[in-house]
Amino acid sequence: MKSYRKELTFHTKTRRDYINITSQVESALVESGIREGLCLVNAMNITASVFINDNESGLHRDFERWLEKLAPEKPYNQYYHNGYEDNADAHLKRSIMGREAVLAVTGGRLDFGTWEQIFYGEFDGMRDKRVLIKIIGE
Ligand code: ZN
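Parameters at a glance
- Residues numbered from 1 in each chain as written.
- Predicted model: local features only at pLDDT ≥ 70, side-chain atom pairs only at ≥ 80, totals over all residues.
- Heavy atoms only, no water.
- Salt bridge = Lys/Arg side-chain N within 4 Å of Asp/Glu carboxyl O.
- Helix = DSSP H or I, 4+ residues; strand = E, 2+ residues; numbered from the N terminus.
- Buried < 20%, exposed > 50% of the residue type's maximum accessible area, 1.4 Å probe, protein only.
- Arc of directions from axis to C-beta.
- Pairing = 2+ DSSP bridges.
- Contact = heavy atoms within 4.5 Å.
- Axes fitted to C-alpha atoms, helices over the stretch in contact; angles between N-to-C directions.

(A) Representation of the pattern of salt bridges. For the structure shown, the criterion picks out 16 salt bridges. Across the pair Arg 130 and Glu 7 runs a salt bridge whose closest N-O atoms are separated by 3.2 Å. Placement of the pair is Arg 130 in strand S8 (residues 129-137) and Glu 7 in strand S1 (residues 2-10), with a sequence separation of 123 residues. Put simply, Arg 15, Arg 16, Glu 64, Glu 68, Glu 73, Asp 86, Asp 89, Lys 93, Asp 124 and Arg 127 are held in one network by salt bridges that share partners.

Encoded structure:
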């Protein structure tokens, strides 16, 4: 069995952002040389997510509005966590949107469902954050 590991780094200009990372994961799969197996993609920070959904800008605005209703950024003092930090909302948003995506690798390609794309969801950006890609198989 082969295994391959790669880190991606992100530094968003805004506190929250959604970035399509599908092509970067596909490149990692090509670099791995693995044709059959599993590909894990996970955020390495507890205020960011990796998730799979539609590449449609209206949907991304809907995510943003929905997450702000569930866990509004402000006022900061509404959260117990915000004694030393201001990112409680980002931890909650990350929990809702998930830590990782796992994809089947079939015939050297990511075995997506219809319209599926991989996204990095940033909820407390403007600093370096990492995403781990781990691919195992043969
Ligand atoms: Zn925090």
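(B) Inspection of helix H1 (residues 22-32) at higher detail. Residues of H1 that are buried: Thr 22, Val 25, Ala 28, Leu 29 and Ser 32. Angularly, the buried residues of H1 cover 125° about the axis, an arc narrow enough to put them on a single face. Following H1 by one or two positions, Gly 33 has its phi on the positive side, about 75°.

(C) Layout of the sheet that holds strand S6 (residues 109-110). In space, the five strands of this open sheet follow the order S1-S8-S3-S5-S6, with antiparallel pairing throughout. With one partner strand each, in any of the chains shown, S1 and S6 form the two edges of the open sheet. Sitting on the sheet, H1 is in contact with S1, strand S3 (37-43), strand S5 (100-106), S6 and S8, with an inclination near 150° to S1.

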